[in-house]
Amino acid sequence: MLSSAIKVVCLSIALSVGAQAVERNEPEAATGYENKQAHIGKEYMVVAANPYASWAGKNIVEQGGSAIDAAVAIQAMLTLVEPQSSGIGGGAFILYWDNKTKTLHTFDGRETAPAAVNPYWFYNGTKSMSWLEAVVGGKSVGVPGALRALETAQKSFGKLPWKTLFEDAINTSAKGFKVSPRLAHLVEIDRHPGLKQFPSSATYFYPAGLPLKAGTIKKNKALADTLRHIAEEGADYFYQGPIAEKIVKAVNNAPINAGKMTLEDLASYEALKKKPICGDYRNNKICGMAPPSSGGINVFQILKLLEGQDLSSLSPDSVAFINLFAQASALSYADREKYVADSDFVDLPFAALINDPYLKRRAQGISADKPWKKVRAGEPYTNRPISVGMNLEQPNTSHFSVVDKEGNAVSITTSIEFMFGSGLMVEGFLLNNQLTDFSFNPERGGWPVANRVEPGKRPRSAMSPTMVFDEDGELSLVVGSPGGSRIVSYVAQTLFGVLDFGLNIQEAINLPRVTNRNDYTALESKTPLVSLKGPLETLGHTVKIIDLNSGLHGIQLKDGQLIGGADPRREGVAVGQ
Ligand code: GLU
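A. Up close: the overall build of the protein. Secondary structure summary: the protein contains 19 helices and 25 strands in total. Computed over its C-alpha atoms, the radius of gyration of the protein comes to 22 Å, within 12% of the 25 Å expected for a compact globule of 577 residues. Counting only C-alpha atoms, the protein reaches 55 × 55 × 45 Å along its principal axes. Looking at the protein residue by residue over its 577 residues, the buried ones come to 63%. Restricting the contact set of the protein to residue pairs at least 6 apart, pairs at least 24 apart contribute 74%. Accessible surface, the protein: about 20000 Å² in total, of which carbon and sulfur atoms supply 53%. Taking the average location of the 58 positive side-chain charges in the protein and that of its 58 negative ones, the two points are 4 Å from each other.

Okay, structure coming up:
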């Protein structure tokens, strides 16, 4: 145990040395930029982070499947081809638009903390663990929720038999897939401090001790087998059968950071149906996910805080817009940090956080030439004292969007948290490290931190699957992104692009990224925004020029057309017709 702990410490030092191009604690490396064109269709559209996944979704829609049928096929395929980002060992938030009844449903498939945790779960004696130390092994693994959430949604809205949805992923796992440059790069840079330490993941990602190479045909027979059983027997095979036993064993016997998960934790996992968070912005209705996702609340807050500004007279890459955007983002992230957590555990004033009078009050003083300043959380009604916590959400995750032939749609953000999750691999898939999205410190200044670790609780997330509806209530946009806590900014900026600047979804996704999480203003490196550093500094911003790896995948519905947009910063494609 001691030697394992030492290894983790040494590796985390290596990580910080080797990661000079990216920020510490944000170990997502850019893997290039590929110009992409909007893909136009009339019948249906699928956009996912990897071509195999987009095509798996397309095949299902072409067989008459609904958007949620396609989503199951996409997630199964992503588990294989984009294992660093999401999979059946992780969690997901699902927005499902039922076009017949014109109803938006959401499913919370976020991981839960096992019953045995306590608020000091990430403490070693009296000291909080470092984030990276906590990621590796069993302690960080939450009870996976993605598969149960997809099954729950598919039972209500699927059209094809469950079994057929896995065919592509099973065949491709058995016959092999071509390792993508991004996956190969992330394996090669070796930034996960645990991946090489657990035999099952080490042999998979470093066969014969060498990193997987791009273009290699890689088989995953264990995953083929797992998916075959899930296809035949349903998600219970995972939650109550042999897979549950193997997950518990992997977590509790992990040679580093052993956890305490039980069969009961898995058997009792439930995906929760929740009301979406919706609000009006100009003539649109913006809808997102309820807590523990902060997406619904915070994306809406950013938009609403700028509703009083004449944005369309500005350019999206002007100092004026970026200064406004940074002020609104800072206000929203301040609220997020203090208030947003699993609302089944904390008294979260979310109606108060998105109501008009509160946001009008918060928006007072925002202006294009106001010097930027760090802000405090606001004071919506809450009857419980809460303190600000600290946690980091890492940028490895995946977003996919589908509109099917009947106009039903899904917007799903899905994640195993850090790249390659906890590093533990069970029967061909990786287990998440989502519990590190909790605040490690349970209290501050004598007050409880809203997002502290508690048994059965779901960690706060920035994942922001979003849908927008026009003034007639018709679906007009489906979008979302990975990107750690920057997700909220990525999605909000893209919505401004479409709704205020009149860009199509691809153009809005292409916009050079800017974020401000109430800390500093990050401008995307190698873009024209770099030249704004000086003027923004004059306005009081601390500016950092860094890689900003959004992975926005969206669909715009306009004038009878479906416009698919895929992020040039990742490997995704839009397919449809
Ligand atoms: N774990 C993060 C969250 O749930 C997402 C991480 C990512 O985008 O890579 O907010």
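B. Inspection of helix α14 (residues 319-339) at higher detail. Compared with an ideal rise of 1.5 Å per residue, which puts 21 residues at 30 Å, α14 spans 30 Å between its outermost C-alpha atoms and is within 8% of the ideal. Where burial is concerned, most of α14 is hidden: 17 out of the 21 residues are buried.

C. Fine view of the packing of aromatic side chains. For the structure shown, the criterion picks out 18 aromatic pairs. Of the aromatic side chains, those joined through ring pairs into one cluster are Tyr 281, Phe 321, Phe 325, Phe 496 and Phe 501. Between the NZ or CZ atom of Lys 196 and the centre of the ring of Tyr 206, over which it lies, the distance is 4.8 Å. Note that Lys 544 overlies the ring of Tyr 520, its terminal NZ or CZ placed 4.3 Å from the centroid.

D. Fine view of the pairing of strand β3 (residues 91-98). Taking burial as the measure, the eight residues of β3 include eight buried ones, the bulk of the element. What you see with β3 is no split at all: Gly 91, Phe 93, Leu 95 and Trp 97 on one side and Ala 92, Ile 94, Tyr 96 and Asp 98 on the other are buried throughout. As defined by bridge partners, β3 adjoins strand β13 (residues 409-415) across seven bridges and the pair is classed as antiparallel. For Leu 95, the partnering residue across the bridge sits in β13 and is Ser 411. Between β3 and strand β4 (residues 103-109), which pair antiparallel and follow one another directly, the connecting turn spans four residues, one of which, Lys 102, has a positive phi of 55 degrees.

E. Region of the structure containing the pattern of salt bridges. All told, the structure shown has 26 salt bridges when counted by the stated rule. The shortest N-O distance in the salt bridge between Asp 356 and Lys 304 comes to 3.7 Å. Linking Asp 356 in helix α16 (residues 356-363) with Lys 304 in helix α13 (residues 295-305), this pair joins segments that are 52 residues apart in sequence. Lys 304 gets classed as buried once you look at its relative accessible area, which sits at 13%.

F. Structural detail: the packing of α13 against α16. One way to put it is that α13 packs onto α16 with a least axis distance of 9 Å and a crossing angle of 60 degrees. The orientation of α13 relative to α16 falls into the category oblique. As α13 runs across α16, the sense of the crossing is right-handed. On α16, the residues that touch Phe 300, Gln 301, Lys 304 and Leu 305 of α13 are Asp 356, Tyr 358, Leu 359, Arg 362 and Ala 363. A per-class count over the contact of α13 with α16 returns five nonpolar, one polar and three charged.

G. Region of the structure containing the side chain of Asp 335. Structurally, Asp 335 is set in helix α14. Looking at Asp 335, the relative accessible area reads 1%, which means it is buried. There is a polar contact of 3.3 Å between the side chain of Asp 335 and the side chain of Arg 362.

H. Here's a closer look at the layout of surface pockets. The volume enclosed by the second largest pocket comes to roughly 220 Å³. Those elements giving two or more residues to the lining of the second largest pocket turn out to be β19 (475-479), α17 (487-499) and β23 (553-558). Within the lining of the second largest pocket, the residues separate by chemical class into five nonpolar, four polar and two charged.

I. Representation of the nonpolar core within the structure. Ranked by size, the top nonpolar core spans 98 residues in total, and within it Ile 68, Phe 166, Phe 205, Phe 238, Ile 247, Phe 420 and Phe 429 carry the most contacts. In terms of residue count, helix α3 (residues 67-81) provides more of this core than any other element does, 12 residues in total. Those residues in contact with Ile 247 that lie beyond four places of it in its chain are Phe 238, Met 261, Leu 266, Val 426, Phe 429 and Leu 431. In terms of nonpolar packing, the next biggest core, distinct from the first, is built from 80 residues, Val 498, Leu 523, Val 543 and Ile 563 among them.

J. Expanded view of the state of the cysteines. Tallying each qualifying case throughout the model produces one disulfide. With a sulfur-sulfur separation of 2.1 Å, Cys 278 is cross-linked through a disulfide to Cys 287. On the S-S bond that ties Cys 278 to Cys 287, the torsion sits near 115 degrees, and the link is right-handed.

K. Inspection of the sheet that holds strand β25 (residues 573-576) at higher detail. If you walk across this open sheet you meet the seven strands as β9-β4-β3-β13-β12-β2-β25, and the pairing is antiparallel. Edge positions in the sheet fall to β9 (272-274) and β25, since each has one partner strand and no second. Pairs of neighbouring strands in the sheet enclose a mean axial angle of 15 degrees, with direction left out of account. Relative to β13, strand β12 (residues 398-403) runs antiparallel, the two sharing six bridges.

L. Spotlight on helix α2 (residues 51-62). Taking 1.5 Å per residue as the helical rise, α2 with its 12 residues ought to reach 16 Å, and the 16 Å between its terminal C-alpha atoms agrees with that figure. Where α2 is buried, its residues meet β2 (45-48), α3, α6 (167-175), β12 and β25. With a side-chain oxygen positioned 2.9 Å from the backbone nitrogen of Tyr 52, the residue opening α2 is Asn 50. Immediately beyond the C-terminal end of α2, within one or two residues, lies Gly 64, with a positive phi of roughly 100 degrees.

M. Region of the structure containing the sheet that holds β19. Pairing within the open sheet is antiparallel, and its seven strands lie in the order β1-β24-β23-β19-β18-β11-β10. The outermost strands of the open sheet, each flanked by one partner alone, are β1 (39-41) and β10 (277-281). Each strand of the sheet is rotated relative to its neighbour by a mean of 20 degrees, with strand direction disregarded. Bridging between strand β11 (residues 284-288) and strand β18 (residues 466-469) involves three bridges; their strand directions are antiparallel. The residue of β18 that forms the bridge with Lys 285 is Phe 469.

Reading the values: the criteria
For every chain, the first residue of the written sequence is number 1, and numbering continues from 1 along that sequence. Only residues with pLDDT of 70 or above have their local features reported here, since the model is predicted, and side-chain atom pairs are shown and tallied only from 80 upward, although totals for entire chains, interfaces and linings are computed over all residues. Values reported for side chains reflect all heavy atoms of the structure, with hydrogen atoms and water molecules removed beforehand. Each helix corresponds to a stretch of at least 4 residues labelled H or I by DSSP, and each strand to a stretch of at least 2 residues labelled E; elements are numbered beginning at the N terminus. We take the radius of gyration over the C-alpha atoms and set the globule estimate at 2.2 Å times the residue count to the 0.38 power. Per-residue accessibility, obtained with a 1.4 Å probe over protein chains only, is compared with the maximum for each type, and a residue is labelled buried under 20%, exposed over 50%, and partly exposed between these values. Note on contacts: a residue pair qualifies if any of its non-hydrogen atoms lie within 4.5 Å across the two residues. Calculation of accessible area relied on Shrake-Rupley with a 1.4 Å probe; when residues are assessed, cover is drawn exclusively from the protein chains displayed. Under the counting rule used here, the positive set is Lys and Arg, the negative set is Asp and Glu, and His together with the chain ends is not counted. Lysine's charge is taken at NZ, arginine's at CZ, aspartate's at CG and glutamate's at CD. How far a helix is expected to stretch is found by multiplying one less than its residue total by 1.5 Å. Aromatic pairing here means that ring centres of Phe, Tyr or Trp (its six-membered ring) are within 6.5 Å. Orientation follows from the plane angle: under 30 degrees is stacked, over 60 is edge-to-face, and everything else is tilted. Think of it as a cone above the ring: NZ of Lys or CZ of Arg counts as a charge over the ring if it is within 6 Å of the ring centre and within 35 degrees of the ring normal. Pairing between two strands is assigned when DSSP locates at least 2 bridges connecting them. Salt bridge, as used here: a side-chain nitrogen of Lys or Arg that lies within 4 Å of a carboxyl oxygen of Asp or Glu. Each axis is a line fitted through C-alpha atoms, and for a helix only the stretch in contact is used; angles between axes span 0 to 180 degrees, taken between their N-to-C directions. Working definition: roughly parallel below 35 degrees, roughly antiparallel above 145 degrees, roughly perpendicular at 65 to 115 degrees, and oblique for all remaining angles. By the definition used in this description, the sense in which the near helix is turned from the far one sets the handedness, with an anticlockwise turn below a right angle giving left-handed and a clockwise turn giving right-handed. Charged residues are taken to be Asp, Glu, Lys and Arg, nonpolar residues to be Ala, Val, Leu, Ile, Met, Phe, Trp, Tyr, Cys and Pro, and polar residues to be all remaining types, Gly included. For the purposes of these results, a polar contact is taken to be a pair of N or O atoms within 3.5 Å, where, inside protein, one atom must be able to donate a hydrogen and its partner to accept one; residues adjacent in sequence count only when each atom of the pair is a side-chain atom. We place a 1 Å grid over just the protein atoms. Points where a 1.4 Å probe fits but has no way out form a cavity, open points with protein on both sides within 12 Å along at least 5 of 7 lines form a pocket, and any residue with an atom within 4 Å of a point lines it. Grid points are joined across faces, edges and corners, and a volume is the space filled by probe spheres set on the points. As used here, the term nonpolar core means buried Ala, Val, Leu, Ile, Met, Phe, Trp, Tyr and Cys residues forming a set that is joined through side-chain atoms within 4.5 Å. For this text, the term disulfide refers to a pair of cysteine sulfurs within 2.5 Å.

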